[in-house]
Amino acid sequence: MTTAKPKTRTSFRLPDPPERHPDDKMTSFKQLAATGHAHHLAMRLGNPDTTIVSGELYVVIRPTRYMAGSHYPDLLVAFDADPALYDANNGYVISEQGKPPDFVLEIASRHTGYIDIDEKREAYEALTIPEYWRFDETGQYHRTRLAGDRLVGDRYQPIDIDELEPDVLQGYSDALNLHLRWTNGTLGWHDPDTGLHIATFTSERAGRIQAEARVRELEEQLQRLSGD
């Protein structure tokens, strides 16, 4: 990836999105915040100076205070972008960033599921966002549990979703070079080379515990050898 060019700072700030319906807050929190997935993804994707991993702020083509028809995805990823400008604008302004986000994701809820599959798909397609993904814990609100679209020309085309097991669905994100996985209603991000989930707080802690146990084992072996 290239290093983002410095952007002109602006005093323009998009308005805050409206207060979210409790259903939206709960489903997004459960799959992204409570699991730490947004943080894990940010750590996986690298350079925080040129990579935005965020969400729940507007994405628009140009500075505007007329927000009718604008949307704010649950998760947004943009490479070769300016995180400081994103913060200053209080959202993602494509004309100022110089490119659309690379990836957006919506988590289904009873309140907004029908918008995700039609209205938002059309809106993100018009913004030329390369990938748009949808995750539904039950499959009830999106009419499918996992779905993705990739921009081909100026139109979205469905991304293949594979059923690995009865309760495991998976699709490949070219934008992130990761597999998105639906496993018993839980969202996961998997390395396509190893098949393993990306590093999480839990896996890193388990790795440290395992390493510490191995060190103790080696120390005990050395002590036994020195006593012989």
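Notes on the structure in this doc start here. None of the values given here were measured: they were computed from a predicted structure. (Residues numbered from 1 in each chain as written. Predicted model: local features only at pLDDT ≥ 70, side-chain atom pairs only at ≥ 80, totals over all residues. Heavy atoms only, no water.)

### Quick notes on the overall build of the chain
Heads up, the rule is: Runs of H or I in DSSP of at least four residues are treated as helices and runs of E of at least two as strands, each being numbered from the N terminus. In this scheme, a residue with accessible area under 20% of its type's maximum is buried, one over 50% is exposed, and one in between is partly exposed, where area comes from a 1.4 Å probe on protein chains only. Every accessible area reported is derived by Shrake-Rupley at a probe size of 1.4 Å, with residue values counting cover from the shown protein chains alone.
From N to C terminus, the chain includes seven helices and 12 strands. Counting the 228 residues in the chain, one finds 44% classified as buried. When the accessible surface of the chain is split by element, carbon and sulfur atoms take 51% of a total near 12500 Å².

### A closer look at the sheet that holds strand S6 (residues 131-135)
The line we're drawing: Any two strands with at least two DSSP-identified bridges between them are counted as paired. Orientation is described by lines fitted to C-alpha atoms, with helices fitted over the stretch in contact, and by angles between N-to-C directions that extend from 0 to 180 degrees.
Spatial ordering of the open sheet is given by S1-S3-S5-S6-S7-S8, a layout of six strands whose pairing is mixed. Looking at strand neighbours, the two that pair on one side only are strand S1 (52-54) and strand S8 (155-158), the edges of this open sheet. Neighbour-to-neighbour, the strand axes of the sheet open up by a mean angle of 15°, direction not taken into account. Pairing geometry for strand S3 (residues 75-78) and strand S5 (residues 103-107), over three bridges, is antiparallel. Bridged to Val77 within S5 is Phe103.

### A short note on unusual backbone geometry
Here Glu56, not a glycine, exhibits a phi torsion of approximately 65°, which is positive. Inspection of the secondary structure puts Glu56 in the loop between S1 and strand S2 (59-60). What makes Glu56 partly exposed here is its relative accessible area of 34%. At Thr128, a residue that is not glycine, the phi angle is positive and equals roughly 55°.

### Examining the side chain of Gln31
Stated formally: Between N or O atoms, a polar contact is any pair within 3.5 Å; within protein, one atom must be a potential hydrogen donor and the other a potential acceptor, and residues adjacent in sequence are included only when both atoms are from side chains. By definition, residues are in contact when any of their heavy atoms lie within 4.5 Å.
Within the secondary structure layout, Gln31 lies in helix H1 (residues 22-33). Separated by 2.9 Å, the side chain of Gln31 and the backbone oxygen of Gly185 make a polar contact. Excluding anything up to four places from it in sequence, Gln31 contacts His37, Ile107, Phe135, Glu137, Gly185, Thr186 and Leu187.

### Description of the environment of Gly113
Positionally, Gly113 belongs in helix H5 (residues 113-117). Given the relative accessible area of 1%, Gly113 is considered buried. Taking the C-alpha atoms as reference, Gly113 lies 8.6 Å from Gln140; in sequence the two are 27 residues apart. With sequence-adjacent residues up to four places away left out, Gly113 is seen in contact with Tyr141 and His142.

### Here's the deal with the sheet that holds strand S9 (residues 161-165)
Taken together, the four strands give an open sheet; going across it, the order is S9-S10-S11-S12, and neighbouring strands pair in antiparallel fashion. Each end of this open sheet is capped by a strand with a single partner; those strands are S9 and strand S12 (186-190). Across the sheet, the mean angle from the axis of one strand to that of its neighbour is 30°, orientation sign disregarded. Lying on the sheet, helix H2 (residues 37-45) is in contact with strand S11 (178-183) and S12; it crosses S12 at an angle near 10°.

### Quick word on the packing of aromatic side chains
The line we're drawing: Aromatic rings from Phe, Tyr and Trp, taking only the six-membered ring of Trp, are treated as a pair when their centres fall within 6.5 Å; an angle between ring planes under 30 degrees marks them as stacked, one over 60 as edge-to-face, and anything in between as tilted. By the criterion adopted, a ring carries a charge over it if an Arg CZ or a Lys NZ lies within 6 Å of its centre and within 35 degrees of its normal.
Tallied over the entire structure, the rule returns four aromatic pairs. With centroids separated by 6.4 Å and ring planes inclined at 55°, the aromatic side chains of Tyr86 and Tyr92 adopt a geometry described as tilted. Take Tyr86: its relative accessible area is 4%, and that puts it in the buried class. Judged by its relative accessible area of 0%, Tyr92 falls in the buried class. Both rings, one in Tyr124 and one in Tyr132, keep their centres 5.0 Å apart while their planes meet at 70°; by these two values the pair is edge-to-face. For the pair Tyr124 and Tyr132, a shared accessibility class is recorded, and that class is buried. Here the guanidinium or amino end of Arg145 rests over the ring plane of Trp182, the centre of that ring lying 4.4 Å away.

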